[in-house]
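Each chain, letter by letter, is given below.
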Amino acid sequence: MSEPEGLVLEDVQALSDLGELLITSVIADEPIQAIKTIIESGAPLWYQDAAEGMSALHAAAYMRNAELVKMFIEHGAIWNAVDNHRQTAGDISLSFNDVASYTTIRDAGIRSELLLSLLSKSSLDTTLVLRETDASAIGDNDAFLSSKLIYVNDETGQDVCLLRVGDEEVGVMMGWEHNIMKRTVEALCMDHPSAHKLKILNIGFGLGIIDTLFQSLETKPYQHVIIEPHPDVLQFMKERGWYEKPGVTILEGKWQDYLDNESLLGVGGFDVVYTDTFSEDYGNLHRFFESLPDLLAGPGSRFSFFNGLGATNALFYDVYTHIADIHLSEVGIDVQWFDVDVSYDASKENRWGNSRNYFSLPLYRMPIGNMLLQ
């Protein structure tokens, strides 16, 4: 159980008792009016029991009670609270195929995240952001850029780029992503009106999967610009001859360093833009979205990104996908989403080796954006 700071022990106990009463009443399928009375008496919707980590919203999802789910959300229930099994109420609704409850919870998440995005953009201090700050190389870009990366071929035979954080290995990019990248390049380039003379911008090299696929097109890109900030990745690129490839330009540094630089602006706009960075959050991705009108050549130009935020939880992934769609629409990018099967048999394939699983869902939602006529 977690509770707001500043409460004395007696207050905590009283709220805990009310929270328990609310949860047990939901599970007991008490009448709606009885549930409303408990809430009006001060029962906290943020309360989660010690045994299961269950909140009233979790309980309503278990009971498949869409009316209660809606009421709890309207009264401020926390849409993304996880129980002791790392399940949100939305995950529970999804497992029961309770579309009404799931949609209510997901839409609450979209509203909440859009509000936080607006508050962040306005540089307002807010206590609404109940998130831990990750200062490690996983969550902090400066820490990541000063970290040591390791390129290996793992026990499964796939190429991987790894980051070690303490005793843990974290995949920066792994070979299993190849099919995602292949499908993305096909959708971005194959029937492009400028396919004979493509100008391509990619942010983040990693293993070089997507850049190799771009270079393998039947007609090689006319211009192929790669922005990469990490010194170990840049060394990897030098060792593999990327600096000598005709038509390829390597810009060393962060993408933020080049937005107003002639290295990009002098191209006159790109036909295809792709981004896949590491240790940047959705706020950074949103800011990149806002730069797209200046980077893309014009109507018909295409954009995609590695859609991996929240990809260990179906609800979070759905929320971030919808938010990205909204924000891209705001800058004149119409997005089509395609499902790519990335499921695998864990009993036969050890995709992750000893590294952290960063994508545990069976379907990858591939975004392909087209710039609209303004």
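Predicted model, so just to flag it, every value in this text is computed and none were measured.

Side note on the sheet that holds strand β11 (residues 363-371)
Pairing in this open sheet of 7 strands is mixed, and the strands run β6-β5-β4-β7-β8-β11-β9 from one edge to the other. Strands at the two margins of the open sheet, each flanked by one partner only, are β6 (248-252) and β9 (333-341). The average undirected angle you get between the axes of adjacent strands in this sheet is 15 degrees. Relative to β11, β9 runs antiparallel, the two being bridged by 9 bridges.

Focus on the pairing of strand β8 (residues 302-305)
Burial along β8 is two-sided: the face carrying R302 and S304 and the face carrying F303 and F305 are both buried. Sheet topology places strand β7 (residues 272-275) next to β8; 4 bridges connect them, and they run parallel. Its bridge partner lying in β8, Y274 is registered against S304. Handedness of the crossover is the feature at issue here: the chain leaves β7, passes through helix α12 (residues 282-295), returns alongside β8, and the resulting connection is right-handed. Of the strand pairs in this sheet, β8 and β11 are connected by 2 bridges, and their pairing is antiparallel. Note that in β11 the partner of F303 across the bridge is G369.

Topic: helix α13 (residues 314-330)
The end-to-end C-alpha distance of α13, which contains 17 residues, comes to 25 Å, matching closely the 24 Å that a straight helix rising 1.5 Å per residue would cover. Residues of α13 that are buried: L315, Y317, D318, V319, Y320, T321, I323, A324, H327 and L328. The opening residue of α13 is N313, an N-cap whose side-chain oxygen sits 2.9 Å from the backbone nitrogen of L315. At the C-terminal side of α13, G332 shows a positive phi close to 85 degrees.

What about the nonpolar core?
The tendency in soluble globular proteins is for nonpolar side chains to be buried as a group. Membership of the largest hydrophobic core comes to 59 residues, with the highest contact counts inside it found for L22, F72, L201, L264, F289 and L292. Apart from the residues lying within four places of it in its own chain, the contact partners of L292 are V273, F303, L328 and I333. V160, M174, F236 and V248 belong to the second-largest nonpolar core, a separate cluster that totals 49 residues.

Regarding the sheet that holds strand β3 (residues 168-174)
Here we have 4 strands laid out as an open sheet, ordered β1-β2-β3-β10, and mixed in their pairing. Edge strands, defined here as strands with exactly one partner in the open sheet, are β1 (149-153) and β10 (355-356). Strand direction decides the pairing type here: strand β2 (residues 159-165) and β3, joined by 6 bridges, are antiparallel. Its bridge partner being in β3, V160 is matched across the sheet by M174.

Quick look at the environment of V342
Locating V342 in the fold gives a position in the loop between β9 and β10. Dropping the residues within four chain positions of it, V342 is found in contact with W176, I180, R351, F359, L361, P362, L363 and Y364.

Notes on the confidence of the model for the protein
Summarising the model, the protein shows a mean pLDDT of 90, and 91% of its residues fall at 70 or more. Low confidence marks residues 123-133, where pLDDT is under 50. Its contacts with residues over four positions away, or in another chain, come to 9 contacts.

Observations concerning the packing of aromatic side chains
Scanning the entire structure with this criterion turns up 18 aromatic pairs. For the pair F205 and F236, a centre-to-centre distance of 6.4 Å together with 55 degrees between the ring planes defines the contact as tilted. Here F205 is found in the loop between β4 (199-203) and α9 (209-215), whereas its partner F236 is found in helix α10 (residues 231-239), with 31 residues between them in sequence. The two residues F205 and F236 agree in class, both being buried. Ring plane angle 45 degrees and centroid distance 5.9 Å describe the contact between F359 and Y364, whose orientation is recorded as tilted. The same class applies to F359 as to Y364, namely buried. Each residue in the set W255, Y282, F288, F289, F303, F305, Y320 and W337 is aromatic and connected to the rest through ring pairs, giving one cluster. Over the ring of Y222 we find K197; its NZ or CZ atom is 4.6 Å from the centre of that ring. Over the face of the ring belonging to Y243 we find K238, whose NZ or CZ atom lies 5.5 Å from the ring centre.

Analysis parameters
Residues numbered from 1 in each chain as written. Predicted model: local features only at pLDDT ≥ 70, side-chain atom pairs only at ≥ 80, totals over all residues. Heavy atoms only, no water. Pairing = 2+ DSSP bridges. Helix = DSSP H or I, 4+ residues; strand = E, 2+ residues; numbered from the N terminus. Axes fitted to C-alpha atoms, helices over the stretch in contact; angles between N-to-C directions. Buried < 20%, exposed > 50% of the residue type's maximum accessible area, 1.4 Å probe, protein only. Right-handed = clockwise from strand over helix to strand, strands pointing away. Expected span 1.5 Å × (residues − 1). Polar contact = N/O pair within 3.5 Å; in protein donor to acceptor, adjacent residues only side chain to side chain. Core = buried A, V, L, I, M, F, W, Y, C linked by side-chain atoms within 4.5 Å. Contact = heavy atoms within 4.5 Å. pLDDT = per-residue confidence, 0-100. Phe/Tyr/Trp six-rings, centres within 6.5 Å; stacked < 30°, edge-to-face > 60°. Lys NZ or Arg CZ within 6 Å of the ring centre and 35° of its normal.

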